[in-house]
Amino acid sequence: MKIVTKTLLAFFVVLALGTNQLKAEPGEFHLGIEGGFTYADMKAEETAQQLANLSGSTVTYTYDEATWAGRLYADYGVAENMDVEIGFWLTGSLDATYTISGASASESYDMSAIDISLNYDLVGSPFFVKGGVHQSTLNGAAEITIGGTKYDIADSITGTGWLAGGGMEVGNNRYGATYIANVGGDSDSSTFFAYYGWRF
């Protein structure tokens, strides 16, 4: 089994290295689309504690850890193997359900963002790394009603943060992951985007 695994790994490495890449070249312009899943901590435990403090009751909760995400982007080659990339993100909703004395209610969060990054294609390989900044909005409800009682909770927030990631390009296909820090400008909020994309 170890021999088969090593053989398959070697095959895919050779395939990747032997495939024409859409490497950045000065003055070249490309568009692309990415889709995948975003994994985030929506701080449901903190909201549950906030509700417990407001209600004076025990709060139980369940929450989503991942949702879909999509991104459109454009890049422009500024040097050999280096380009500047601008993108726009949207995500699905991450939902949490809170229960107080048998009564339940849900809240949802979603994210949108504009980002700009500098991408570097590693010479002689299909791999790339990237780093940049983003302006993002975390959309959430301002209040939640449980058992007929309204509670004020976190609202939408907007702000800037940083991002870092990398991946591999094989032909027109792109596989990668990006870590997005300080979502909505909140130092306690971050997300991780794993994706497959098409660059043309």
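What you are looking at is a predicted structure, and each value in this text was computed from that prediction instead of being measured.

Enquirer: Explain the packing of aromatic side chains to me, and be specific about the residues and the numbers.
Expert: With the rule as written, the count across this model stands at six aromatic pairs. Summarising the aromatic geometry, the rings of Tyr61 and Tyr98 are spaced 6.4 Å apart at their centres and angled 40° between planes, so their arrangement reads as tilted. One end of the pair, Tyr61, is in strand S2 (residues 59-63); the other, Tyr98, is in strand S5 (residues 94-100), and 37 residues separate them in sequence. Judged by relative accessible area, Tyr61 falls into the partly exposed class, the value being 33%. Centroid distance Trp162 to Tyr179: 5.5 Å. Interplanar angle 50°. Geometry classified as tilted. Taken as a pair, Trp162 in strand S10 (residues 157-170) and Tyr179 in strand S11 (residues 173-181) lie far apart in primary sequence, 17 residues in all.

Enquirer: Run through the pairing of strand S12 (residues 190-199), naming residues and quoting values.
Expert: Where a strand is regular, its side chains alternate between the two sheet faces. Side-chain alternation along S12 places Thr191, Phe193, Tyr195, Gly197 and Arg199 on a buried face and Ser190, Phe192, Ala194, Tyr196 and Trp198 on a face that remains uncovered. Relative to S12, S11 is paired through nine bridges, and the arrangement is antiparallel. Its bridge partner lying in S12, Tyr179 is registered against Phe192.

Enquirer: So what's going on with the nonpolar core? Which residues, and what values?
Expert: The biggest cluster of nonpolar side chains holds 28 residues, and the ones touching the most others in it are Leu51, Val59, Tyr98, Ile144 and Ile146. For this core, the elements supplying multiple residues, two or more each, are helix H2 (44-55), S5, strand S6 (103-121), strand S7 (127-139), strand S8 (143-146) and S12. Ignoring sequence-local partners within four residues, the contact set of Ile144 consists of Leu51, Tyr98, Ala105, Ser106, Glu107, Thr149, Lys150, Tyr151 and Ile153.

Enquirer: So, H2: which residues are in play, and what are the values?
Expert: Over its twelve residues, H2 extends 16 Å from the first C-alpha to the last, a length consistent with the 16 Å expected when each residue adds 1.5 Å. Looking at H2, one finds that the buried residues are Ala44, Thr47, Ala48, Leu51 and Ala52. Here the buried residues of H2 occupy an arc of 140° about the axis, which is enough to place them on one side. Along H2, exposed side chains directed more than 90 degrees from the buried face belong to Glu45, Glu46 and Asn53. Elements in contact with the buried residues of H2: S2, S5, S6, S8 and strand S9 (149-152).

Enquirer: Please provide a residue-by-residue account of the confidence of the model for the protein, values included.
Expert: Summary statistics for the protein give a mean pLDDT of 85 and a share of 86% for residues scoring 70 or more. The low-confidence segment residues 1-21, where pLDDT is below 50, has 14 contacts with residues more than four positions distant or belonging to other chains.

Enquirer: Residue-level account of the pattern of salt bridges, with values.
Expert: In a structure, side chains of opposite charge can pair up when their charged atoms sit close to one another. In this structure the tally under the stated criterion is nine salt bridges. Here Arg71 makes a salt bridge to Asp115, at a shortest N to O gap of 3.0 Å. Pair noted here: Arg71 is in strand S3 (residues 66-79) and Asp115 is in strand S6, with a separation of 44 residues, a long-range link. The class of Arg71 is buried, set by a relative accessible area of 2%. Under the relative-accessibility criterion, Asp115 is labelled buried at 1%. Note that Arg199 and Glu169 form a salt bridge whose closest N and O atoms lie 3.5 Å from each other. Taken together, the positions of Arg199 in strand S12 and Glu169 in strand S10 put the pair 30 residues apart, joining distant regions of the chain. Residue classification places Glu169 among the buried residues on the basis of a relative accessible area of 3%.

Enquirer: Help me get a handle on unusual backbone geometry, residues and values and all.
Expert: For Asn81, which is not a glycine, the phi torsion comes out positive at approximately 65°. One can find Asn81 in the loop between S3 and strand S4 (82-91). Accessibility expressed as a relative area gives 11% for Asn81, which makes it buried. Unusually for a residue other than glycine, Asn182 sits at a positive phi of about 55°. Within the fold, Asn182 resides in the loop between S11 and S12.

The rules behind these values
Residues numbered from 1 in each chain as written. Predicted model: local features only at pLDDT ≥ 70, side-chain atom pairs only at ≥ 80, totals over all residues. Heavy atoms only, no water. Phe/Tyr/Trp six-rings, centres within 6.5 Å; stacked < 30°, edge-to-face > 60°. Helix = DSSP H or I, 4+ residues; strand = E, 2+ residues; numbered from the N terminus. Buried < 20%, exposed > 50% of the residue type's maximum accessible area, 1.4 Å probe, protein only. Pairing = 2+ DSSP bridges. Core = buried A, V, L, I, M, F, W, Y, C linked by side-chain atoms within 4.5 Å. Contact = heavy atoms within 4.5 Å. Expected span 1.5 Å × (residues − 1). Arc of directions from axis to C-beta. pLDDT = per-residue confidence, 0-100. Salt bridge = Lys/Arg side-chain N within 4 Å of Asp/Glu carboxyl O.

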